[in-house]
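Next come the chains, spelled out residue by residue.
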Amino acid sequence: MSKYSNRDNIILDLISSILSSGDSSRLKREIVTNKKIVVNISCWTNTPGARFNSLFVIEGLPRHPHTTEELEDAIYGQLEKMKIEPVTKDEIERAINQEEAALYKASGYSENIFIAMRILWNVIVCNDIDTEFKRVETMKNITPEEIMDVAKKYFTESNR
């Protein structure tokens, strides 16, 4: 995956939210609530860090008697869907709202030391104090077609 400030990375972060943030996200709705294959599932970007190329991680805990293979197939099915079916504007808006709310909530309710650490991280890693706010602003201009293009680029069998 690309570096933190790269547009592809920001799009992958948005995809992560669309897939697993909130009960109405694609993975949670489909394989946790509807199919009951897993107990919980989540995904995130920028592992192991944000300064260099990193990984897009999806983690789930199968619900007995389901297997890891069933979980894997369900995840791959949702990733393939991201490549061929445009996400809706509502899904994008919901994901952006969640990202923005998390950003402001973290800023507003954190102890001063955590705000200082966040600012320091932005400056040291990204060389820009407003990096995270700019990422959310960039998300507001991402189209469903861009999401499909990035999904096609990164969610390939050779990248697993």
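As a reminder, the structure under discussion sits directly above these lines.
Since the structure is predicted, the reported quantities are computational estimates derived from the model, not experimental observations.

Chemist: Can you walk me through unusual backbone geometry in this structure?
Modeler: Peptide bonds are mostly trans, and most non-glycine residues show a negative phi. A cis geometry characterises the amide bond from Thr-47 onward to Pro-48, with omega recorded as 10°. One non-glycine residue, Asn-46, lies in positive phi territory at about 65°. Considering the arrangement of structural elements, one finds Asn-46 in strand S1 (residues 38-47). Classification of Asn-46 as buried rests on a relative accessible area of 13%. The phi dihedral of Asn-127 is positive, around 60°, even though this residue is not glycine. Structurally, the position occupied by Asn-127 is in the loop between helix H5 (112-126) and helix H6 (131-139).

Chemist: In this structure, what is going on with the packing of helix H2 (residues 26-34) against helix H3 (residues 68-84)? I would like to understand it.
Modeler: For any two helices packed against each other, the geometry is given by the interaxial angle and the distance between the axes. The contact between H2 and H3 brings their axes to 11 Å, and the two run at 145°. Taken as a pair, H2 and H3 cross one another with a handedness that is right-handed. The segment H2 lies against H3, with Arg-26, Leu-27, Glu-30 and Ile-31 engaging Leu-71, Ala-74, Ile-75, Gln-78, Lys-81 and Met-82. Across the contact of H2 with H3, the residue classes break down as six nonpolar, one polar and three charged.

Chemist: Honestly, a nonpolar patch on the surface in this entry has me stumped. Any pointers?
Modeler: On the surface, Ile-119, Leu-120, Val-123, Ile-124 and Ile-129 cluster together into a nonpolar patch covering about 420 Å² of accessible area. As for its placement among the helices and strands, Ile-129 is situated in the loop between H5 and H6.

Calculation rules
- Residues numbered from 1 in each chain as written.
- Predicted model: local features only at pLDDT ≥ 70, side-chain atom pairs only at ≥ 80, totals over all residues.
- Heavy atoms only, no water.
- Helix = DSSP H or I, 4+ residues; strand = E, 2+ residues; numbered from the N terminus.
- Buried < 20%, exposed > 50% of the residue type's maximum accessible area, 1.4 Å probe, protein only.
- Axes fitted to C-alpha atoms, helices over the stretch in contact; angles between N-to-C directions.
- Left-handed = near helix turned anticlockwise from the far one by under 90°.
- Contact = heavy atoms within 4.5 Å.
- Nonpolar A, V, L, I, M, F, W, Y, C, P; charged D, E, K, R; others polar.
- Patch = residues over 30% accessible without salt bridge, like charges linked within 9 Å, V, L, I, M, F, W, Y side chains within 5 Å.
- Areas by Shrake-Rupley, 256 points an atom, 1.4 Å probe, with all protein chains shown as cover.
- Salt bridge = Lys/Arg side-chain N within 4 Å of Asp/Glu carboxyl O.

Nothing here speaks to function; it is all geometry.
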